[in-house]
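# A look at the structure
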Amino acid sequence: MKLQPAGRRPVCSVHVLPPSGGEGPGGVSGGREPRPQTGSASPSLWQGQAEQLFRSGHTNNWAVLVCTSRFWFNYRHVANTLSVYRSVKRLGIPDSHIVLMLADDMACNSRNPKPATVFSHKNMELNVYGDDVEVDYRSYEVTVENFLRVLTGRVPPSTPRSKRLLSDDRSNILIYMTGHGGNGFLKFQDSEEITNVELADAFEQMWQKRRYHEMLFIIDTCQGASMYERFYSPNVMALASSQVGEDSLSHQPDLAIGVHLMDRYTFYVLEFLEEIHPASQANMNDLVSVSDRGAGGGSGPGWLGEARGRLRDGSVSMGRPGGPSAPALFLALLPVSGWSRAPWSRVWCRQLSEDLGLGTTGHRCGPAQGPPCFFLPGAPVLVRGTWAGGSGEPAKPPWRGPGERPPPCPMP
Amino acid sequence: MAEGIMAERGRMDRVRGDRHPERDRNQALTALTMDPEKIRGKHAALCFATMAVMLGLPLWWKTTETYRASLPYAQIGQLDSLLLRLRVPVSVVFIQGSLPIVDQQKLPFTVVNERDVPLKCKMKLKCRFQQAYRMAGSHEERALKMDTIQEAEAALPSPKEDTVGSLNIFVIPEKSSLLPQDKMSYVGPKRTAFVRGAQGRQALTVIGQRVLQVAQSMSLTDDVLAAALGDRLPEDKRSDDKRRPLKASLGYEITFSLLNPDPKSHEVHWDIEGAMESFVQPFLSLFGALGNFSMDSQILYYAMLGVTPRFDAASSSYTLAAHSLPHVINPVEARLGSSAASLNPVINFLLYVPERAHSPLYIQDKDGARVATNAFHSPRWGGIMVYNVDPKAYNTTKFPVKVNVDMVQVMEVFLAQMRLLFGIPYPQMPANFVLAGPPSEGLRSWELDRLLWARTVENLATVTTTLTSLAELLDKIGNIVIKDDVASEVYRAVDAVHDAIVELAAGNLNSAFHASREAVTSSEKAFFDPSLLHLLYFPDDQKFAIYIPLFLPMAVPIFLSMIKIILENQKIRKDIEKVD
């Protein structure tokens, strides 16, 4: 599946006249008398051109973006979903083709120090909430029932058009889900769950009614790979942020806002999507390898792809049985400025939150598997003057290297 | 003495001891069998168990099962391997001199030509051309003595029953001058065709073949049917014809938009209402059977294309290359407002007047040549045409320049695109055919027939898939409730399918199409009924977790007392045996 900017429609037949002259495609309407046409004008010339543009087989794109959490400490899930929404819109899917389900309680939350904004990047660089977010299902409407109704199309007759998934057999659909999950289920707003069997059945019903041509299912939760274990419909590709038994980790906190802003997997996926432009030739392999490389330690994210009806578990067929071990991975790929991607930031957040007395803010820190951990006062909010972003050169920690403990960071 | 007494006592004891167990046993037996309390207890336990098993279990089972109105599962199962016979009634009329006398005397008779349509599909299709041969009447003779073919066609009496789906083929003498010398057949715009006759011994066979060829090219070809069943056949990447047409739907919404990105330079007027009435309405009225059409129009200002055109110094004009065309639509689509329209599929036709800075703007095809109509269309979405303002108009100092759009030119292109989007491609005729241009409405009658055939077949295939998948779903997921109205819709759909099959076999295309549409409506209503959504997926461990706290406290005493009764009965029986 080619990862093109989503709105790229195959364009058909630019109306070149058939080579043998005679009436063009516009030989109709009053005013022109019909002329007998020699039958040899086979418009194979323009048909051949149209064929070359028709490589992918789909004619429209849809996206269903679901954030299944509410409450302030799940800020990062809303930021994830809104960032993906922004990317998807930038790449060409219009609002009329996006179904966005959010518990829209971040921007106007009384605990939000910057009201009417939702940030997805440290330093509050990017406000993903903006002025033109079109949330289709908000607040308590984000339920398992509504989600399944959207997917299977069994909505009540009074549902407006923007809340429906009006896809057909030539639609490619992106389904992105994020939130808290477990082995085989995904939690919806603290009161209900959706199981992987229900999801697989819903996809099968979509396939029976030919409501999609190809589907890309991305899930960013703990133990996300369990959600795609039961898929049995063809033409579905699934990416998950973590294997069964693993947790998905968040990327970075922001001390001014006080919560974690984004999840790691989504962060790297979005970084990849930022580089997609109209002439890009990236494909799904690139996306899979990027997310494999960048996101959390351990065996990392998994993917499930289907080629011509065969289900393949990515970890087996790609020759990456769980991925290389975290230390090798990160030490090999650690760019100088990318120290924020280090696995030890997991430990940092735990220590930091303890130091600041924030307690566990819902962020799960897995066991440290990386190199010997050391405290990294990474938040540039604290150390803005010293090294982060000061002179524009890549930020380098002021101490020597692993093993040396830096001075503890001052309280904000 | 003491020994004696002791021995006596011992003997007595022994005797007593021997008799004792028996007495004890008897006492126990009587206690068991005669004690009213124990008996009452046993009966009570037995009653509880009986009630629980006889009354309780069935009641629980009945009250916890999901309500399912009965569905015609057998008939739905049969739908999977449907056999569709598509009959095309053809009337073949021979003019004097087109046939040897010997064969003329054999008329009138009927020739039936049936063949299988080879498709890799579970649904089997048979095409049946029913050709009724007869001699021409006097009116027809007179009409066909005209000089040109157009006059001949105009003079022909309209057939008594010009039914949808039928064809009229006239066989003219071999040396007739109506057709150009090297052409064998003429295909007219309104279900009539002319074929050259033959002389000689095998005249009828030769003519029969020609007639069949004409009939097939005018009505059902394998391509048409393959396009209709497009999504049920294995994917064929090369054929864009299968992907272009819109799916069958109950109605369509057509939107005409005028994009004016530079209102400071251009003041654009277009008489869209007049154009719609004179061009689009007649065209769509032919499609009346296909669905409801609603049309609207809008003008958008400051709507740019997403692509910057490149300047071509050679012709001092701006060009849009073919590979950048897919990116043109996206930024505009958000502003088209198609999401506010109805639930029907929307077809957009855009007319773009380029900005003064980018005038004139031409679209290039893959080879770099300019496209003559300056337009392109996107499958299942609509079309875009670029309208260049005459550069001489810029010689004035009074801006904005008034631009009156030439609606004829624009509507030609839009109607041609509409034809393609509805799935009526440019007809492919063999080399020795003369194809008449379409009539003023823009659609030949037999092209419409072809569309109706395709839609009917597509509808029947859709109904089959819907109903069979509904049956499978009900089989697999035991918790779905089927209400009475859903069941009645399913029955109606199945009946309509049978009606459609019968009508197709009889050759009545119109009624077959309507029946198939009814079947699709009913089956979609049944499948997408909101009440079908199952939320109650309970894995087995959850079922146990729910029922155990309810049933276990009740079941344990009953069970244990049953065991006790059984054990006691066993003991009694053993004792009785021993006693006996």
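Note that the coordinates shown come from a computational prediction; the quantities given were computed from them, not determined experimentally.

### Topic: the nonpolar core
In a soluble, globular protein the nonpolar side chains are often hidden away together inside. Residue and element names in this part refer to chain B. Ranked by internal contacts, the top residues of the largest apolar core, which has 120 residues, are Phe256, Phe287 and Met418. The leading source of residues in this core is helix α12 (residues 445-476), at 14 residues. When we break this core down by domain, the ones giving at least three residues each are domain 1 (83-229 + 429-443) and domain 2 (246-422). Beyond its immediate stretch of four places on either side in the chain, phenylalanine 287 contacts Phe293, Phe422, Ile424, Leu443, Leu448 and Leu451.

### A word on the pattern of salt bridges
For the structure on display, the rule yields 21 salt bridges over all chains. Here glutamate 145 of chain A and arginine 149 of chain A are joined by a salt bridge, their closest N and O atoms 2.9 Å apart. Highlighted residues: glutamate 145 of chain A and arginine 149 of chain A, both in helix α3 (residues 144-152), separated by 4 residues, approximately one helical turn. The exposure class of glutamate 145 of chain A is partly exposed, given its relative accessible area of 29%. Taking the shortest distance from any N to any O, the salt bridge between arginine 380 of chain B and aspartate 168 of chain A comes out at 3.5 Å. One end of the pair, arginine 380 of chain B, is in the loop between β14 (375-378) and β15 (382-386); the other, aspartate 168 of chain A, is in the loop between α3 and β5 (171-178), on a second chain. According to the relative accessible area criterion, aspartate 168 of chain A is partly exposed, its value standing at 22%. Via salt bridges that share partners, Arg86, Lys89, Asp95 and Asp132 of chain A belong to a single interconnected network.

### Here's the deal with the pairing of β14 of chain B
All names here are of chain B. Burial along β14 is two-sided: Ala375 and His377 and Phe376 and Ser378, pointing in opposite directions, are all buried. In terms of strand pairing, β14 meets β15 through 4 bridges, oriented antiparallel. Within β15, the residue paired with serine 378 across the bridge is glycine 382. Linkage of β14 to β15, two consecutive antiparallel strands, is achieved through a turn of 3 residues, within which arginine 380 is found at a positive phi near 60°.

### Let's talk about the confidence of the model for chain A
Residues and elements named next belong to chain A. On average, residues of chain A score 65 in pLDDT, and 55% of them are at 70 or above. For residues 1-54, every residue scores under 50 in pLDDT, and the model assigns this stretch 148 contacts once sequence neighbours within four places are set aside. Contacts from residues 306-401, a stretch scored under 50 in pLDDT, to residues over four places away or in other chains number 151 contacts.

### Observations regarding the UniProt feature "active site" (unreviewed entry) in chain A
All names here are of chain A. When the UniProt feature table is mapped onto this chain numbering, "active site" (unreviewed entry) sits at His180 and Cys222. These annotated residues cover 43 residues of sequence, and their C-alpha atoms lie no more than 6.3 Å from one another, placing them together at a single site. Tracing the sequence through the fold places histidine 180 in the loop between β5 and β6 (181-182). Among the residues examined, histidine 180 registers a relative accessible area of 19% and is labelled buried. A distance of 2.8 Å separates polar atoms of two side chains, one belonging to histidine 180 and the other to asparagine 74. Within the element layout of this structure, cysteine 222 appears in the loop between β9 (214-220) and β10 (236-240).

### Overview of unusual backbone geometry
Following serine 359 of chain B, the chain continues to proline 360 of chain B via a peptide bond in cis, the omega torsion being -20°. The peptide bond linking phenylalanine 399 of chain B to proline 400 of chain B adopts the cis configuration, its omega dihedral lying at 0°. With respect to the helices, strands and loops of the structure, proline 400 of chain B is situated in the loop between β15 and β16 (401-404). We note that aspartate 190 of chain A has phi near 70°; this positive angle belongs to a residue other than glycine. Mapped onto the secondary structure, aspartate 190 of chain A falls in the loop between β7 (185-188) and β8 (192-195).

### Some words on the sheet that holds β7 of chain A
All names here are of chain A. Pairing is antiparallel in the open sheet, where 3 strands are placed in the order β6-β7-β8. Pairing within the sheet leaves two strands with one partner each, and these edge strands are β6 and β8. In this structure, β6 lies alongside β7, joined through 2 bridges in antiparallel fashion. Following the sheet pairing, glycine 181 is matched in β7 by leucine 186. Against the sheet, α3 makes contact with β7 and β8, and its axis sits at roughly 35° relative to β8, the strand it touches most.

### Concerning the packing of helix α4 (residues 196-208) of chain A against α12 of chain B
Look at α4 of chain A against α12 of chain B: their axes get within 10 Å of each other, and the N-to-C directions meet at 160°. Viewed along their axes, α4 of chain A and α12 of chain B adopt a mutual orientation that is roughly antiparallel. Considering only the axes of α4 of chain A and α12 of chain B, their crossing is right-handed. Across from Asp201, Glu204, Gln205 and Gln208 of chain A in α4 of chain A, the residues of α12 of chain B making contact are Thr465, Ser469, Glu472, Leu473 and Lys476 of chain B.

### A look at the sheet that holds strand β12 (residues 346-352) of chain B
The strands that make up a sheet are held in pairs by hydrogen bonds between backbone atoms, and each pair lies either parallel or antiparallel. Residues and elements named next belong to chain B. Sheet architecture is open: 5 strands sit in the order β9-β7-β12-β15-β14, paired in mixed fashion. Edge positions in the sheet fall to β9 (292-301) and β14, since each has one partner strand and no second. For this sheet the average axis-to-axis angle between neighbouring strands, irrespective of direction, equals 15°. Strand direction decides the pairing type here: strand β7 (residues 251-260) and β9, joined by 10 bridges, are parallel. Among the inter-strand pairings, glutamate 253 is bridged to a residue of β9, identified as serine 294. Taken strand by strand, helix α10 (residues 326-336) contacts β7, β9, β12, β14 and β15, and its axis lies near 105° from that of β9.

What counts and how
- Residues numbered from 1 in each chain as written.
- Chains lettered and ligands numbered in written order.
- Predicted model: local features only at pLDDT ≥ 70, side-chain atom pairs only at ≥ 80, totals over all residues.
- Heavy atoms only, no water.
- Core = buried A, V, L, I, M, F, W, Y, C linked by side-chain atoms within 4.5 Å.
- Buried < 20%, exposed > 50% of the residue type's maximum accessible area, 1.4 Å probe, protein only.
- Helix = DSSP H or I, 4+ residues; strand = E, 2+ residues; numbered from the N terminus.
- Domains from an automatic or database assignment.
- Contact = heavy atoms within 4.5 Å.
- Salt bridge = Lys/Arg side-chain N within 4 Å of Asp/Glu carboxyl O.
- Pairing = 2+ DSSP bridges.
- pLDDT = per-residue confidence, 0-100.
- UniProt positions renumbered as here; feature names shortened; annotations may be inferred.
- Polar contact = N/O pair within 3.5 Å; in protein donor to acceptor, adjacent residues only side chain to side chain.
- Axes fitted to C-alpha atoms, helices over the stretch in contact; angles between N-to-C directions.
- Parallel < 35°, antiparallel > 145°, perpendicular 65-115°, else oblique.
- Left-handed = near helix turned anticlockwise from the far one by under 90°.

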